[in-house]
Amino acid sequence: MFSRLIFLSVLCLFSEATSSLAQAPKKVMAPKSVSKLPAKGSVDFKVDSVLKLMTLEEKIGQLNLLTSDLDQTGASMRPQYKEDILKGKVGAIFNAYGVEYVRKLQKMAVEETRLKIPLIFGYDVIHGHRTIFPSPLGESCSWDLEAMETSARIAALEASSMGLDWTFAPMVDIARDPRWGRVMEGAGEDTYLGSLIAKARVKGFQGSSLSDPTRVMACAKHYAAYGAAQAGRDYSTVDMSDRTLRDVYLPPFKAAADAGSATFMTSFNELNGIPATANKYLMDQILRKEWGFKGFVVTDYTAIWELLFHGIAADSVEAVKKSILAGSDMDMQASMYMQRLPGLVKSGAVPVSVIDESVRRVLRKKFELGLFANPFIRMDAEREKKNVYTSAHLNMARQIAAKSMVLLKNDHNTLPLKLTAQKIALVGPLADAARDMMGSWSAAGEGEKNATLLTGLKGSLTSSQVEYKKGCEINDTVRAGFAEALKACANSDIVICAMGEGAWQSGEAASRSDIKLPGVQEEFLAEVKKLGKPVVLVLFNGRPLDLTNVLPNADAILEAWYPGTMAGWAVTDVLAGVVNPSAKLTMTFPRNVGQVPIYYNMKNTGRPYDANNKYTSKYLDVRNDPLFAFGYGLSYSTFLYSSPKLSAKSIGMKDTLNVTVNVKNTSTRHGEEIVQLYVQDMAGSVTRPINELKGFQKVMINSGETKTVVFKLTSNDLRFHNQDMNFVAEKGLFTVRVGGSSDATQSDEFELR
Ligand code: BGC
């Protein structure tokens, strides 16, 4: 009944709009020629029809995004959000989900406001909604684009079943500094892989049509260069060359835009002196003019207000003026557009055409999301009951989590466990820490539902085989639990230590200047090792850690990241060998924090490392190479690479080069290997990285089998911003490397002519 009413009211809007449009087209679009008018029946026509009915206050209302009080992801600055909805001063709401709740808010908008324009409901659905998948950095280590698209699709299905239209994801910030807590939300340090993942996640969230009620609108964030915060301190300054910006940090955003991401979110940081939220170059020039982005840009949380603290606005009026003129369409939670834009338009400082354009962008998405046709399209109580925590979702979460775990060390084939024969001591602060299993940004995840490693092991083995003692906490200095836990270890055949960071120690506002295991965990592990038992260390953490002191004290190390709802089951699958690990690091693990930022595609310098020459680029107290390189990860299988065979020694700009490599599984187990292709441009008009990932294939290779992998390279893959800032490939010599990590040494050369 209700949706029929809405339909009628929207119909009324359109019939009125259509007739007035016929009489006064200039008022609507001020077109130069009639051919510029949007076609009747098109979304743009409908948008303009609504727009012309709106007062200035109603227009500004569409640009206002407020948090509800159901959840909090920042300071709650506008408790009167419900009154604002009723007054038509809100375009979208975030931190509200659950069909019953959002339905109430939507009803206020579509029944009680003058124009009955529906709200959009947004939320941080970052790595799952109810069913939590591995944290995005962990998931990226699967290098499995299909899996990542699937987890985003399931997240969208669950979120949309609980009333949501919009996720603030994917986070596509390239990150080279593990001190920055937000590295856990992204896809790691590499531009090429990060761009493919950005595309997969956008597709997973959005599907092929925004009006699909089982999908949500994506938001590529944080635009731009947030991952380069100085010293890894969250929200800090970013100062970088335009070339690095365009070659390294922007491509994943471009990939998200090309994949159709409906929205973008500005970042908190400044970029070369101009905060992103007021940065016309980023939004107007690059995003809209160069990339042709047609969606809307939302600011990050209170980012307009923060322009005052950045020191580029003397007061809130100036902050608002700079933000809207730079291209920030929607104000998240600062409430400053609502307060200051009316005056700015009246004084002529902001042309009403600028407001109209932003409103158009927002209304267009409301139409595309299907909200005008049915404001309750994603508010179906039946779907809400049926679609969350389904066994299919839980199974997929378990599989993807197991695919994301990186085996860092496995001396003497300590893993997989010999299940029937072994008595296991399970120790460490993360062995039974349910909430921590899903890490940060698992907003609607229910911590108590997560399977811990204790649950997984006990459920898979006979319980008498497993003795659990915590030993110590994650982050304090109390050693009182050591003795009891060490006794359990002494009575066992093998020790599994579950250690790492608490969920709160990564994510937003969670930078660390010391990236070792926190508290007394290192010390406890050293005590365990002294007992002489085989030690398996399972790590749960959000960022690459400094594992230098840990490495000698564990025979095997499995980097499990934050695996999500099915954590304990998935880790047990890998430990027991039900799943053969295949993941590879997407971020470098340094030897110590002093090496940071450290990443595989650095530049050579004029004095590259030479152990015998003091005056080369190095440290006095630590080696140059990392502890674990980008692309590294072991398997229970072993693989042997042949040298690459090139189809030609020289190719032209329009040719394709085939790079062929044979990979043999030399073990007795079937296993998957991520075969990687790297290229080095030996001399350019500007200096080039020592290695760049240009392709990879994940292949299953049976025991004893050899698979042939063929990569195709063209000059398009070799482009960069040259001396004149043109995006081109340059003639010259290139080295090609293939292998199972960025340390790959099997190489050959070719010439581009
Ligand atoms: C974060 C964003 C997030 C927003 C809304 C901000 O603090 O930086 O990533 O989407 O809050 O919760």
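None of the values given here were measured: they were computed from a predicted structure.

Quick word on the site of the ligand
Thinking step 1. Near the ligand lie 14 residues; those nearest to it are T73, D124, R182, H222 and D300.
Thinking step 2. With respect to the ligand, the side chain of K221 contributes an N or O atom lying 2.8 Å from an oxygen atom.
Thinking step 3. D300 places a side-chain nitrogen or oxygen 2.5 Å from an oxygen atom of the ligand.
Thinking step 4. The fraction of the free accessible surface of the ligand (310 Å²) that becomes covered by protein chains is 99%.
Thinking step 5. For the shell around the ligand, the class distribution of residues is seven nonpolar, two polar and five charged.

Details of the pattern of salt bridges
Thinking step 1. All told, the structure shown has 42 salt bridges when counted by the stated rule.
Thinking step 2. As a salt-bridge pair, D242 and R246 come within 3.2 Å of each other at their nearest N and O atoms. Pair noted here: D242 and R246 are both in helix α10 (residues 242-249), with a separation of four residues, about one helical turn.
Thinking step 3. Residue D242 is classed as partly exposed on the basis of its relative accessible area, which comes to 29%.
Thinking step 4. What makes R246 buried here is its relative accessible area of 16%.
Thinking step 5. Across the pair E673 and K584 runs a salt bridge, and its minimum N-O distance is 3.1 Å.

Here's the deal with helix α15 (residues 336-346)
Thinking step 1. Turning to α15, its buried residues number three or more, namely M336, Y337, M338, L341, P342, L344 and V345.
Thinking step 2. Those residues of α15 hidden inside the fold are in contact with α4 (56-62), β1 (64-67), α5 (81-86), α14 (316-326), β10 (331-332) and α16 (352-368).
Thinking step 3. One or two positions beyond α15, positive phi appears at G348, with a value near 85°.

What about the packing of aromatic side chains?
Thinking step 1. In this structure the tally under the stated criterion is 25 aromatic pairs.
Thinking step 2. An angle of 75° between the planes, with centres 6.2 Å apart, marks the rings of Y226 and F268 as edge-to-face. Taken together, the residues Y226 in the loop between β5 (219-223) and α10 and F268 in the loop between β6 (263-266) and β7 (270-271) connect sequence positions 42 residues apart. The same class applies to Y226 and to F268, which are both buried.
Thinking step 3. Arranged with centres 6.2 Å apart and planes meeting at 70°, the rings of F589 and F628 form a pair that is edge-to-face. Here F589 is found in the loop between α22 (567-575) and β17 (639-641), whereas its partner F628 is found in the loop between α22 and β17, with 39 residues between them in sequence.
Thinking step 4. Positioned above the aromatic ring of W441, the side-chain terminus of K221 is 5.3 Å from the ring centre.

Thoughts on the pairing of β5
Thinking step 1. In terms of burial, β5 is a largely internal element, five of the five residues being buried.
Thinking step 2. Pairing of β5 with β6 involves three bridges; the strand directions are parallel. Its bridge partner being in β6, C219 is matched across the sheet by T263.

Remarks on the environment of I324
Thinking step 1. Secondary-structure assignment places I324 in helix α14.
Thinking step 2. I324 sits 46 residues away from A278 along the chain, and the two C-alpha atoms are 7.6 Å apart.
Thinking step 3. With residues near it in sequence (within four places) discarded, I324 still touches L63, Y337, L341, V350, V354, I355 and S358.

Digging into the nonpolar core
Thinking step 1. Counting residues in each nonpolar core, the largest one holds 91 residues, and the members touching the most others are W166 and L341.
Thinking step 2. Residue contributions to this core reach at least three from each of two domains, namely domain 1 (1-121 + 351-380) and domain 2 (395-595).
Thinking step 3. In this view, L341 contacts I60, L63, V320, I324, M336, V350 and I355; residues no more than four positions away in its chain are not counted.
Thinking step 4. Counting residues in each nonpolar core, the second largest holds 64 residues, with A96, A155, I286 and F376 among its members.

Observations regarding the side chain of R179
Thinking step 1. Here R179 shows up in the loop between β4 (166-167) and α9 (191-206).
Thinking step 2. On the accessibility criterion, R179 (17% relative accessible area) is buried.
Thinking step 3. Polar contacts involving the side chain of R179 include one to the side chain of D177, which spans 2.7 Å.
Thinking step 4. From its side chain, R179 meets the backbone oxygen of A231 in a polar contact 3.4 Å long.
Thinking step 5. If we skip the residues at most four places from it in the chain, R179 touches A231, G232, A510, S511, R512, I515, R543, V593 and V596.

So, the sheet that holds β6
Thinking step 1. Strands sit in the order β5-β6-β9 across an open sheet of three strands; the sheet is parallel. Looking along the sheet, the strands with just one partner apiece sit at the ends: β5 and β9 (296-298). Taken pair by pair, the neighbouring strands of this sheet meet at an average axis angle of 25°, ignoring direction.
Thinking step 2. When β6 meets β9, the two strands line up parallel, connected through three bridges. Each residue of the ladder has a partner; that of T263, found in β9, is F296.
Thinking step 3. Sheet strands touched by helix α11 (residues 251-258): β5 and β6. Its angle to β5, the strand with the most contacts, is close to 155°.

Section: the pairing of strand β12 (residues 424-427)
Thinking step 1. Burial along β12 is two-sided: I424 and L426 and A425 and V427, pointing in opposite directions, are all buried.
Thinking step 2. Relative to strand β13 (residues 466-469), β12 runs parallel, the two sharing four bridges. Paired with V427 across the two strands is K469, which belongs to β13.
Thinking step 3. As paired strands, β12 and strand β14 (residues 494-500) are joined by four bridges and run parallel to one another. Among the inter-strand pairings, L426 is bridged to a residue of β14, identified as I496.

A few points about the packing of α14 against α15
Thinking step 1. For the pair α14 and α15, interaxial distance at closest approach is 9 Å and the crossing angle is 90°. Viewed along their axes, α14 and α15 adopt a mutual orientation that is roughly perpendicular. Note on element contacts: α15 touches α14 through M336, Y337, R340, L341 and L344, opposite S316, V317, A319, V320, K321, S323 and I324.
Thinking step 2. Class assignment for the residues of the contact of α14 with α15 results in eight nonpolar, two polar and two charged.

A word on unusual backbone geometry
Thinking step 1. The omega angle of the peptide bond from A169 to P170 is 5°, so this bond is cis rather than trans.
Thinking step 2. Structurally, P170 is set in the loop between β4 and α9.
Thinking step 3. Following V596, the chain continues into P597 via a peptide bond in cis, with omega recorded as 0°.
Thinking step 4. Tracing the backbone through its elements, the reader meets P597 in the loop between α22 and β17.
Thinking step 5. Despite not being glycine, N95 shows a phi value in the positive range, around 60°.
Thinking step 6. Along the polypeptide, N95 turns up in the loop between β2 (92-94) and α6 (99-112).
Thinking step 7. A residue is classified by how much of its surface remains accessible, and N95, at 0% relative accessible area, is buried.
Thinking step 8. In the Ramachandran plot, Q333 falls in the positive-phi region, its phi being about 70° despite a non-glycine side chain.
Thinking step 9. Counting through the fold element by element, Q333 comes out in the loop between β10 and α15.
Thinking step 10. Under the relative-accessibility criterion, Q333 is labelled buried at 0%.

So, how was this worked out
- Sequence positions are assigned chain by chain, starting from 1 and proceeding in written order.
- Where totals are concerned, whole chains, interfaces and linings use all residues; where local detail is concerned, this predicted model gives features only for residues with pLDDT of at least 70, and gives and counts side-chain atom pairs only at 80 or more.
- Heavy atoms from the whole structure form the basis of all side-chain values; hydrogens and water molecules are not counted.
- Here a residue counts as near a molecule or strand whenever at least one of its heavy atoms sits within 4 Å of it.
- Nitrogen and oxygen atoms within 3.5 Å of one another constitute a polar contact, given that in protein one can donate a hydrogen and the other can accept it, and given that sequence-neighbouring residues count only through two side-chain atoms.
- For the accessible areas, the method is Shrake-Rupley and the probe is 1.4 Å, while residue cover comes only from the protein chains on display.
- Amino acids are sorted into nonpolar (Ala, Val, Leu, Ile, Met, Phe, Trp, Tyr, Cys and Pro), charged (Asp, Glu, Lys and Arg) and polar (every other residue, Gly among them).
- Here, a salt bridge means any Lys or Arg side-chain nitrogen found within 4 Å of an Asp or Glu carboxyl oxygen.
- For the purposes of this entry, the term helix denotes a DSSP run of H or I that reaches at least four residues, the term strand denotes a run of E that reaches at least two, and both are numbered from the N terminus.
- Each residue is placed in one exposure class: buried if its accessible area under a 1.4 Å probe, protein chains only, is under 20% of its type's maximum, exposed if it is over 50%, and partly exposed if it falls in between.
- When checking whether two residues touch, look at their non-hydrogen atoms; a contact exists if any pair is within 4.5 Å.
- The pairing test for Phe, Tyr and Trp rings, Trp by its six-membered ring, is centres within 6.5 Å, and the orientation test on the planes gives stacked under 30 degrees, edge-to-face over 60, and tilted for anything in between.
- For a lysine, the NZ atom is tested; for an arginine, the CZ atom; a charge sits over a ring if that atom is within 6 Å of the ring centre and within 35 degrees of the ring normal.
- Strands are treated as partners if at least two bridges between them are detected by DSSP.
- Note on terminology: a nonpolar core comprises buried Ala, Val, Leu, Ile, Met, Phe, Trp, Tyr and Cys residues joined through side-chain atoms within 4.5 Å.
- Boundaries between domains were set according to an automatic or database domain assignment.
- Axis definition: a line fitted to C-alpha atoms, over the contacting stretch in the case of helices. Angles run 0 to 180 degrees between N-to-C directions.
- Angles below 35 degrees are treated as roughly parallel, those above 145 as roughly antiparallel, those between 65 and 115 as roughly perpendicular, and all remaining angles as oblique.

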